[in-house]
Every structure is written in C-alpha cells, then in structure tokens.
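Chain by chain, the residues run as shown.
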Protein chains: 2
Amino acid sequence: MKQQQELLVKSVLDSWYSHVSRVDNLLDTLTDEKLQNEVAPGRNRGIYLLGHLTAVHDRMLPLFNFEKHHYGQLDEIFITSSDKAAKEMPSAADLRLYWKDVNETLAKHFKTLQPEDWFKKHSSVSDEDFAKEPHRNRLNVLVSRTNHLAYHLGQLIFLNKP
Amino acid sequence: MKQQQELLVKSVLDSWYSHVSRVDNLLDTLTDEKLQNEVAPGRNRGIYLLGHLTAVHDRMLPLFNFEKHHYGQLDEIFITSSDKAAKEMPSAADLRLYWKDVNETLAKHFKTLQPEDWFKKHSSVSDEDFAKEPHRNRLNVLVSRTNHLAYHLGQLIFLNKP
C-alpha cells in the first residue's frame, strides 16, 4: 500500500514536471515580441498567460505551507484583472525569470516531501473542513494545477505558426 | 493508508469527471455549424477535436481491460490523420452521441473498480515492463488523459465568441 501511495505521488508529480517542461520548451521557441501576440483573435496575449501561470504557481508556495510567495504583485495584474484590463505589466524578460524561479522553488520543496506529506491539508482549508473533506490535500491541488497548466498550454502553443 | 489511497483515486476521478462535464457544457452551447469552425486561424476544427477526444477516450476501454472499443473507425480519422487530411468524417450529431456513449461507458466501469484496481497495469504494458515500471497503471493513464482533455478544452472554448 505504501508503495502504491508512492507510485501515485510519482504519477502526479511526473505529469506536473512534464507540463512545466513543455511550457519551458515552448517559451524557448518564442521571442518576447511573439509573446505580445494574442493566442487567438480577441483572446489573451501570450505574455498575460505567462504572467497568469506564474502568479498561480507562485501562490502554491504559501498554499502548500512552503514559504511566502515571491511575486505577490502579479496577483492583481494576472489573476484579479483580465488581460485587457491590466495596466502596468512586467517585461517578458522579467516574467520568464519569475516563471523559472517559481517552478524551481516549488520543485525544491516537492523534493523534501515524503509521500504521506502530500495527503496533508493545504493552508486554505480549516481543520474542521479538512476533517469533513480529507481529499482537499496537497496532491489534490497539484492534480488541478497540472490540469490548469495543460489547459493554458493548449492555448499558448497557438503563438507558434500553424 | 488505505484511506489515503481512496482519497487519491477520488482526487483523480473528480478532476476527470469535472473536465468531461466542462466539455459537455461547452458542447451544449455550440451548434453543429459552430463545430465546423477552426478553434483559431489555421488550427483544428471543433469537430475534429471532438472526434479526437472521443477516439482517445474510446481507446481507454480496451486499455483499461474493460471492453472492446466502440468506435474503432474513429482512430484512422481522428488520431492517425490530422484534421485537414481527414476525408470522410462522421456528422457532428453522431460525434456528440459517440462522445456521450464513450464517457458514460467509462464511468460505468470506473464505478466497479476498487481503489486497488487503479494500481493494476493497463493492457499495453507487459508483465515484465510493469515489474520494472509499476507506475504504469490505470490511475497514471487517467491522470494523463485528464491533462490531455484539459489541453484541448482550452482550445475548444475559443469556438465561443470572445
């Protein structure tokens, strides 16, 4: 059973890392100018989706009880606000660095977790709620964040020529 | 530990069902004509992505050792071939029925599985390989199929007006 638990954590972690790598590889093929383009007519720009994914992953640091998030200033621009509403935006060059830093910091912490740690509640769940809904654990969050990443990756690839 | 295993299976299954529902809800808002549109200029048409997702999910029936797939004829059109290459295509009305049938059939089988069944190898892995790579189990496949579904859902929503 313990082995199965480890296998499960490995499955979920592998899919997380593989999607982060797919975005990394895509970013390597896109110039900063290309990132200014909308992924489709009237849709979010590449730079907005990069900032959005970075902000959402950054928020996982406190959510998983790892550490304070690194780029709280991104929340207002890339989570609370839509692309067109966004005023001042960091440069594509800076966002690339933030994206790399956030995912590397998460990976560093993930490596310190024991399989059973993945089943502990995340910080936004109260002890009372966790007692009622024990599936609201770290692994569950990673599953949904990986789906969120895959969802936007499917859009970001449109920045490359058909 | 057993409880954690059940929690994990529940997390992965919940994310699968929620993404299937999101596609169902999107399809309800799209006319058959709308499905003929490309999701973005020069990209796959909605009808191709619907057929692609249906064919990939249909293949999960034998892969999970449930039953023979229902629509083998879709593989050549929606998996082997690209959209533009595809010749004869089923109607949008038929694909909607196939999509519904395949996901309902999978759900029927999922309900019969015990948590430990999710950790058994899928049919395309040999016993030898499974001994070496025990993470190649049903749950691992469901994790990656859910990511695949999220990836294309992020593209299908572009069929709706911005």
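Cut-offs used in this document
Residues numbered from 1 in each chain as written. Chains lettered and ligands numbered in written order. Predicted model: local features only at pLDDT ≥ 70, side-chain atom pairs only at ≥ 80, totals over all residues. Heavy atoms only, no water. Least-squares fit on C-alpha atoms with pLDDT ≥ 70 in both. Contact = heavy atoms within 4.5 Å. Buried area = accessible area lost by both parts, 1.4 Å probe. Salt bridge = Lys/Arg side-chain N within 4 Å of Asp/Glu carboxyl O. Polar contact = N/O pair within 3.5 Å; in protein donor to acceptor, adjacent residues only side chain to side chain. Helix = DSSP H or I, 4+ residues; strand = E, 2+ residues; numbered from the N terminus. Phe/Tyr/Trp six-rings, centres within 6.5 Å; stacked < 30°, edge-to-face > 60°. Buried < 20%, exposed > 50% of the residue type's maximum accessible area, 1.4 Å probe, protein only.

### Some thoughts on the relation of the copies chain B and chain A
Laying chain B over chain A is done by rotating through 180 degrees and shifting 0.0 Å along the axis; what remains is an RMSD of 0.0 Å. Both chain copies can therefore be described as sitting about a two-fold axis. Minimal C-alpha separation from the rotation axis in chain B is found for Tyr151 of chain B, amounting to 2.1 Å. Take the interface residues of chain B: 100% of them recur as interface residues in chain A, which is what a same-surface contact looks like.

### Some remarks on the interface of chain B and chain A
Facing 38 residues of chain B, the contacting portion of chain A comprises 38 residues. Buried area between chain B and chain A, summed over both chains or domains, comes out near 3200 Å², and the portion from carbon and sulfur atoms is 66%. Taken as a group, Arg43, Tyr151 and Phe158 of chain B account for 21% of the area that chain B buries against chain A, more than any other trio of residues on that side. In this assembly, chain B and chain A are joined by zero salt bridges. Linking chain B with chain A are eight residue pairs in polar contact (both at pLDDT 80 or more), by the criterion used here. Listing elements by their share of the side of chain B that touches chain A, those giving two or more residues are helix H1 (2–29) and helix H6 (138–156) of chain B. With twelve residues, the single largest contributor to the side of chain B that touches chain A is H1 of chain B.

### Thoughts on the packing of aromatic side chains
What the rule picks out here adds up to 19 aromatic pairs over all chains. Plain terms: the ring middles of Phe64 of chain A and Trp118 of chain A are 6.1 Å apart, the flat faces sit at 85 degrees to each other, and that makes the pair edge-to-face. With Phe64 of chain A in the loop between helix H2 (46–63) and helix H3 (73–80) and Trp118 of chain A in the loop between helix H4 (92–110) and helix H5 (127–132), this pair connects stretches of sequence that are 54 residues apart. Of the two residues, Phe64 of chain A and Trp118 of chain A, neither departs from the other in class, the shared state being buried. An angle of 50 degrees between the planes, with centres 5.7 Å apart, marks the rings of Tyr48 of chain B and Phe78 of chain B as tilted. Of this pair, Tyr48 of chain B sits in helix H2 (residues 46–63) while Phe78 of chain B sits in helix H3 (residues 73–80); the two residues are 30 residues apart in sequence, bridging distant segments of the chain. In this structure, Tyr48 of chain B and Phe78 of chain B share a single accessibility class: buried. A network of ring pairs unites the aromatic residues Trp16, Tyr17, Phe64, Phe66, Phe110 and Trp118 of chain A as a single cluster.

Nothing here speaks to function; it is geometry throughout.
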